[in-house]
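Okay, here's what each chain looks like letter by letter:
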Amino acid sequence: MAKRADAGTPALKLLTERGVAHTPRPYTAVHAGDGPGFGDDAVRALRAGGLDVDGHRVFKTLLADVDGHLVCAVVPVAGLLDLKALAVAAGGKKAVMADPARAQRSSGYVVGGISPLGQRTALPTYVDTSAEGFATVLVSAGRRGLQVELAPADLCAATGAGFAPISRPVSR
């Protein structure tokens, strides 16, 4: 992956400024409404654009409230955030999903485009340990219709994140 000079979002600007190897992966955002499913839509659109990815390598960014403090969780699109595990990783007792308006204010991004990178307010960040099994992962680059591909270790270094087992499989 080549370092890119076309930094258009705070996330891409951060990676460029730090010299982190990354590849922007634009796609046509097709999600209607403000409900869940942005990650699944991104995977489908990236595939439709010719990128061979699945929901285990594409990660979604979720903000949660752990004992009154916001934290950032990065988990596979193909999984679910385990709120109990996140609370443990963050050294807290209870985690709940953050109010979307609060998440947007804190991160500076819109829901469906929240990136773990370049957030307005840097939050404690936890990346699911499954990311360590891939050479690269994709996360939101800070807007709907744009992912960024980078090494998991680089994602953690750029966000100050730690790896933690914070996801669980989707029950069918």
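Residues numbered from 1 in each chain as written. Predicted model: local features only at pLDDT ≥ 70, side-chain atom pairs only at ≥ 80, totals over all residues. Heavy atoms only, no water.

Visitor: Which residues make up the sheet that holds strand β6 (residues 125–128), and what values do they have?
Guide: Here five strands make up an open sheet; going across it, the order is β5-β2-β3-β6-β9 and the pairing mixed. Two strands in the sheet have a free side with no partner beyond their single neighbour: β5 (95–97) and β9 (162–164). On average, each strand axis in the sheet is tilted by 40° relative to the strand beside it, whichever way the strands run. Taken together, the three bridges between strand β3 (residues 69–76) and β6 define a ladder with parallel strand orientation. Looking across to β6, one finds that valine 74 is bridged to valine 127. In the packing of helix α5 (residues 152–159) onto the sheet, contacts are made with β3, β6 and β9, and the angle to β9 comes to roughly 120°. (Pairing = 2+ DSSP bridges. Helix = DSSP H or I, 4+ residues; strand = E, 2+ residues; numbered from the N terminus. Axes fitted to C-alpha atoms, helices over the stretch in contact; angles between N-to-C directions. Contact = heavy atoms within 4.5 Å.)

Visitor: Could you give an account of the sheet that holds strand β1 (residues 23–26), naming the residues involved and the relevant values?
Guide: One open sheet accounts for three strands, arranged β1-β8-β7; its pairing is antiparallel. Either end of the sheet is taken by a strand with one partner, and the two such strands are β1 and β7 (137–143). Along the sheet, successive strands turn relative to each other by an average axial angle of 35°, direction set aside. Relative to strand β8 (residues 146–150), β7 is paired through five bridges, and the arrangement is antiparallel.

Visitor: Before we move on, can you summarise helix α1 (residues 10–17) with the specific residues and values?
Guide: Taken together, the buried positions of α1 are Ala11, Leu12, Leu14 and Leu15. Angular distribution of buried residues about the axis of α1 spans 155°; they occupy a single face of the element. Those residues of α1 that are buried are in contact with β1, β7, β8 and α5. Phi turns positive, to about 70°, at glycine 19, one or two residues after α1. (Buried < 20%, exposed > 50% of the residue type's maximum accessible area, 1.4 Å probe, protein only. Arc of directions from axis to C-beta.)

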